[in-house]
Amino acid sequence: MLKLSNIWCLFQNLKKLSYSTVLTLAYQSLGVVYGDLSTSPLYVYKTAFSGKLSLHENDEEVYGVLSFIFWTLTLIPLFKYIFIVMSADDNGEGGIFALYSLLCRHARLSILPNQQASDEKLSAYGMEGSADTWQSSKLKSLFEKHPNFRNGLLVFVLLGTCMAIGDGVLTPAISVLSAVSGIRVKVTDLHHNYVVVISCVILVGLFSLQHHGTHKVAFLFAPIVTAWLLCISAIGIYNIIQWNPCIYRALSPFYMFRFLRSTGVEGWVSLGGVVLAITGAETMFADLGHFSPLSIKITFTFLVYPCLVLAYMGEAAFLSRHHEDIQRSFYKAIPEPVFWPVFIIATMAAVVGSQAVISATFSMVGQCCALNCFPRVKIVHTSKKIYGQIYIPEINWILMCLCLAVTIGLRDTNMMGHAYGLAVTTVMFVTTCLMCMVMIIVWKQSIIICVAFLVFFGSIELLYISASFVKVPEGGWIPLALSLIFMGIMYVWNYGTLKKHHFDIENKVSMKRIVALGPSLGMVRVPGIGLVYTNLITGVPAVFGHFVTNLPAFHQVLVFVCVKSVQVPYVGERERFLVGRVGPKEYGMFRCIVRYGYKDLQQENYDFENKLVDMIIKFVELEGEECMTSPMAKASREGETVDGDSFDLPRPMFTYPNDGLNIVQSLSSTQIVTEENGLAENFPCREESAQIMKARETGLAYILGHSYAKAHKSSSFLKRFAINVVYAFLCKNSRGPDVFLNVPHTSLLEVGMVYFV
């Protein structure tokens, strides 16, 4: 079943993308996705044979390590990721949060509080499929009945995400330092401090390039990775022929068992270094949104995988004849005439290797922001052609500072390798668990297949995790510390955001009270349009009541705007707006829900205000047509009740044309002609449209609530610290809603409110 679905996906991808596009993306993916994976030969053997295993430097151990490397590289990146996990993309997006997003949609695990039934009609929602099996029904009901399981799953996902961010800190440090350390093979009297300084300079240069975007960086880096892969594969072939043509025998899994039997505990601990051979495999899936599944599969299967196998075999062939060079094996295995060219390419490839996890970190943080799990940061889309290529300045400079701190603080690639292995294997295990749930809930696979997948791949990853945990005191504590810090930030932000939303729901203004005030709402209605931004999809927000209490005047046209994220990667422009009326028609109040996916660019590339007004006018026109053609339609649209508030639900989903502004202007001209002919009374919708256009010409005002969270005095110390200190600090230093929503400061009104949690 899985194989047939993979073949079908390949054919579907070929139909969607031209061959030239696929090959171009495959070429670019070399410079972004595979830099980390392809530079692993720099430090794998060195880290694996560190510690007590260095006492067992003979052919038996070399063959055993090579066998472990080959089968790990084959089973995890090739079989697990390329053949299985890549097929579980979320509309082209990959990573841990993409899998979690799929589960949230299919199992009602939403972590976003403002979801509604109409969101399921989005084309990217993808709920169509076969009927639930008894396994998927049981698993869904388990999460529905027990909220603690939902919270536990969220924490589990945050753990994997934070470990992946920690991976983004460690990869540049270990890759660059390992490459630059090779210079000491030829310049033996060079002090290690100079190696560290050179590495830091390279790291600063690498992070300074990120603002150019993945597209430009990929074209710059792809030739380097291509040259690197061809170099290490050619050197591997040379070493196999020169030193040990029979090294291919080590590919037999029999040597793995002999290795563990002869080395015992030392061999098991050394697996923490072997796992470094697959660092970067997770970024293949996380960087999926930057390219396409087919392009990544082609590049890995036909170029990256065979080149890496040849490189590891060649280095093992060299080691089988030079046991004394185990800690400098990679550079010692390079033939003398080509040492310096390969050293230069290796250093450049190490820089490129860092690009994969940096791009993946940007993608993950962007998803976390959209799903209310990370403070708001500036997200820059760097490519107009390839959707999903982003750059986050704040995260970029934080990563740079942490990389420099790790490089200067540890100064040892072996210790970095111990930390690196723990981060990588934890992320992979989280992916395996989520993938098993996707197979049950989304793919509706048999429980036997799902359990076999979990047991087979999970046991391999748990073996490597156990070996890496032994090295926690020797550097493995770094990803744990970083993950706990990032997890704390994410969980506190998500908790504070949800509490704020619950406060808004509990304190929203009753529609009965609004209707009782009359069309004037008990205050002066001034010309213009007032846009009240709120997180609520129903009802009148408390910020509105707080505003009119202190300043009893409001605009002639009042629009409650809810900008929300949906658990899909993107929302098409034709499905962006939901427009409806709040209260009776003469009150002049509307609701506009603007939906974005977690990969969408929000309100920066188009004239949002004019399109919003255009949508309202279209709604009024359509409403008028329904009233004139079908009185029953009008009756059916009045008097709906949601949470005690009587108002029209935002049912119509409008498409707005590219020349929306011209249509609004022509509509305004039509109103004037109609009124001059004395026909306005026959077309009340035209009259209302004209009033909206006149209000638009008067001007728009933006009303935002500025909320301050406070913990109750009776709350525990931990909760008071989390809300009053951590959450308050994050709110103060994250992007404000006015900047996030791109609101002009000259028309901004902020209303301060305090809520207790």
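Residues numbered from 1 in each chain as written. Predicted model: local features only at pLDDT ≥ 70, side-chain atom pairs only at ≥ 80, totals over all residues. Heavy atoms only, no water.

**Student:** What is the right way to look at the overall build of the protein in this model?
**Tutor:** Of regular secondary structure, the protein possesses 28 helices and 11 strands. Restricting the contact set of the protein to residue pairs at least 6 apart, pairs at least 24 apart contribute 84%. (Helix = DSSP H or I, 4+ residues; strand = E, 2+ residues; numbered from the N terminus. Contact = heavy atoms within 4.5 Å.)

**Student:** Help me understand the pairing of strand 4 (residues 553-566) in this model?
**Tutor:** Regular strands show a simple pattern: their side chains alternate between the two faces of the sheet. Within strand 4, 12 of the 14 residues are buried, leaving the element largely enclosed by the surrounding structure. For strand 3 (residues 524-533) and strand 4, the ladder comprises 8 bridges, and the chain directions are parallel. The partner of V524 across the bridge, within strand 4, is A553. Bridge analysis of strand 4 against strand 6 (residues 589-597) gives 9 bridges, and the strand direction is parallel. Considered in strand 6, the bridge of K564 is made with R595. (Buried < 20%, exposed > 50% of the residue type's maximum accessible area, 1.4 Å probe, protein only. Pairing = 2+ DSSP bridges.)

**Student:** Explain a nonpolar patch on the surface to me, please; I cannot follow it from the model alone.
**Tutor:** Taken together, the side chains of W134, I447, I448, V451 and V455 make up a nonpolar region of the molecular surface, amounting to roughly 520 Å² of accessible area. Examining the composition of the nonpolar patch, we find that 4 residues originate from one element, helix 19 (residues 447-469), more than from any other. Tracing the backbone through its elements, the reader meets V451 in helix 19. Note on V451: relative accessible area 40%, which makes it partly exposed. (Patch = residues over 30% accessible without salt bridge, like charges linked within 9 Å, V, L, I, M, F, W, Y side chains within 5 Å. Areas by Shrake-Rupley, 256 points an atom, 1.4 Å probe, with all protein chains shown as cover. Salt bridge = Lys/Arg side-chain N within 4 Å of Asp/Glu carboxyl O.)

**Student:** Would you explain the packing of helix 18 (residues 413-441) against helix 20 (residues 477-506) in this entry?
**Tutor:** Relative placement of two packed helices is described by the angle separating their axes and the distance separating the axes. Packing of helix 18 against helix 20 leaves a shortest axis separation of 7 Å and a crossing angle of 50°. Between helix 18 and helix 20, the angle is such that the two are oblique. Where helix 18 approaches helix 20, its residues A419, L422 and A423 are matched on the opposing element by I478, P479 and L480. (Axes fitted to C-alpha atoms, helices over the stretch in contact; angles between N-to-C directions. Parallel < 35°, antiparallel > 145°, perpendicular 65-115°, else oblique.)

**Student:** I'm lost on the packing of aromatic side chains in this one. Help?
**Tutor:** Here the distance between the centres and the angle between the planes together describe a pair of aromatic rings. One pass over the structure, following the stated rule, counts 27 aromatic pairs. Relative to F343, the ring of Y331 lies with its centre 6.0 Å away and its plane at 55°, an arrangement referred to as tilted. Placement of Y331 in helix 15 (residues 329-332) and of F343 in helix 16 (residues 339-370) is noted, with a sequence separation of 12 residues between them. Across this residue pair, the class does not change: Y331 and F343 are buried. For the pair W340 and F343, a centre-to-centre distance of 5.7 Å together with 85° between the ring planes defines the contact as edge-to-face. With W340 and F343 both in helix 16 and 3 residues apart, this pair spans about one turn of that helix. Residue F343 is classed as buried on the basis of its relative accessible area, which comes to 10%. (Phe/Tyr/Trp six-rings, centres within 6.5 Å; stacked < 30°, edge-to-face > 60°.)

**Student:** What's the story with the nonpolar core in this structure? I'm lost.
**Tutor:** A general tendency of soluble globular proteins is for nonpolar side chains to be buried together. If you look at the biggest cluster of nonpolar residues, it comprises 169 residues, and the most contacted ones within it are M284 and Y331. Residues in contact with Y331, not counting those within four places in the same chain, are L42, S178, A179, G182, V185, F339, F343 and A346. Core analysis: the next-biggest nonpolar cluster, separate from the first, contains 33 residues, V492, F503, V548 and Y727 among them. (Core = buried A, V, L, I, M, F, W, Y, C linked by side-chain atoms within 4.5 Å.)

**Student:** Looking at this structure, how should I read the packing of helix 6 (residues 96-107) against helix 18?
**Tutor:** At a closest axis distance of 10 Å, the pairing of helix 6 and helix 18 adopts a crossing angle of 25°. The angle between helix 6 and helix 18 falls in the class roughly parallel. Read as a crossing pair, helix 6 and helix 18 show a hand that is left-handed. Along its contact with helix 6, which presents I96, L99, L103, H106 and A107, the element helix 18 presents V427, V430, T431, L434, M435, M437, V438 and I441. When grouped by side-chain class, the residues that make up the contact of helix 6 with helix 18 number 11 nonpolar, 2 polar and no charged. (Left-handed = near helix turned anticlockwise from the far one by under 90°. Nonpolar A, V, L, I, M, F, W, Y, C, P; charged D, E, K, R; others polar.)

**Student:** Explanation requested: the side chain of D167 in the structure shown.
**Tutor:** Among the structural elements, D167 can be located in helix 8 (residues 147-181). K80 provides the closest opposite charge to the buried, salt-bridge-free D167, at an N-O distance of 12 Å. Looking at D167, its side chain comes within polar contact range of the side chain of T171, at 2.8 Å. Beyond its immediate chain neighbours, meaning those up to four positions away, D167 contacts P172, V357, Y420, A423 and V424. (Lys, Arg positive; Asp, Glu negative; His and termini not counted. Polar contact = N/O pair within 3.5 Å; in protein donor to acceptor, adjacent residues only side chain to side chain.)

**Student:** Explain the pattern of salt bridges to me, please; I cannot follow it from the model alone.
**Tutor:** Side chains that differ in charge, positive against negative, can pair when their charged atoms come close. All told, the structure shown has 11 salt bridges when counted by the stated rule. Residues R105 and D90 are paired through a salt bridge, measuring 2.9 Å at the closest nitrogen-oxygen approach. Here the residue R105 occupies a position in helix 6, and D90 occupies one in the loop between helix 5 (59-82) and helix 6, the gap between them amounting to 15 residues. Close ionic contact of D119 with R595 constitutes a salt bridge, the shortest N to O distance being 3.1 Å. In this pair, D119 is assigned in the loop between helix 6 and helix 7 (134-145) and R595 in strand 6, connecting sequence segments 476 residues apart. The class for D119 is buried, based on a relative accessible area of 1%. Here R595 falls in the buried class, since its relative accessible area comes to 0%.

**Student:** Help me understand helix 6, please; the structure alone is not making it clear to me.
**Tutor:** Three- or four-residue spacings in an α-helix give side chains the same orientation, since the helix completes a turn every 3.6 residues. Over its 12 residues, helix 6 runs 16 Å from end to end, which matches the ideal 16 Å to within 8%, given 1.5 Å per residue. Every buried residue of helix 6 is listed here: I96, F97, A98, L99, Y100, S101, L102, L103, C104, R105, H106 and A107. Within two residues after helix 6, R108 carries a phi angle of roughly 55°, on the positive side. (Expected span 1.5 Å × (residues − 1).)

**Student:** In this structure, what is going on with the confidence of the model for the protein? I would like to understand it.
**Tutor:** Atomic detail in the predicted coordinates should be set aside for any region of low pLDDT. Predicted confidence across the protein gives a mean pLDDT of 80, with 85% of residues reaching 70 or more. For residues 1-15, every residue scores under 50 in pLDDT, and the model assigns this stretch 13 contacts once sequence neighbours within four places are set aside. In the predicted structure, residues 630-682 sits below a pLDDT of 50 and forms 98 contacts with residues beyond four places in sequence or in another chain. (pLDDT = per-residue confidence, 0-100.)

**Student:** It is not clear to me how the state of the cysteines should be interpreted in this structure. Could you clarify?
**Tutor:** What is meant by a disulfide is a covalent connection between two cysteines, made through their sulfur atoms. By the definition in use, this model includes 0 disulfides. The thiol sulfur of C373 is not disulfide-bonded, and the nearest other cysteine sulfur, from C368, lies at 6.0 Å. A relative accessible area of 0% places C373 in the buried class. The cysteine C562 is free of any disulfide, with C592 supplying the nearest cysteine sulfur at 9.4 Å. (Disulfide = S-S within 2.5 Å.)

**Student:** Where do I start with unusual backbone geometry in this structure?
**Tutor:** In terms of backbone geometry, most residues other than glycine have negative phi values and most peptide bonds are trans. Look at N372: it is not a glycine, yet its phi comes out positive at around 60°. Although it is not a glycine, K444 adopts a positive phi angle of roughly 60°. Position of K444 relative to the elements: it lies in the loop between helix 18 and helix 19.

**Student:** I keep staring at helix 17 (residues 393-410) and nothing clicks. Help me out?
**Tutor:** Helix length check: helix 17 (18 residues) gives 26 Å between terminal C-alpha atoms against 26 Å at 1.5 Å per residue, within 8%. Buried residues of helix 17: P393, I395, N396, L399, M400, C403, L404, V406, T407 and L410, and no others. Looking down the long axis of helix 17, one finds its buried residues gathered within 165° of arc, a one-sided arrangement. The positive-phi residue at the C-terminal boundary of helix 17 is R411, with phi of around 60°. (Arc of directions from axis to C-beta.)

**Student:** Is there a simple way to explain the environment of I489 in this structure?
**Tutor:** Position of I489 relative to the elements: it lies in helix 20. The partly exposed category is assigned to I489, whose relative accessible area is 22%. The contacts of I489, once residues within four sequence positions are left out, are P375 and L730.

**Student:** Just checking my understanding: could you explain the environment of L177 for this structure?
**Tutor:** Within the secondary structure, L177 is located in helix 8. Setting aside its immediate chain neighbours within four residues, L177 contacts V195, V196, S199, R411, D412, T413 and M416.

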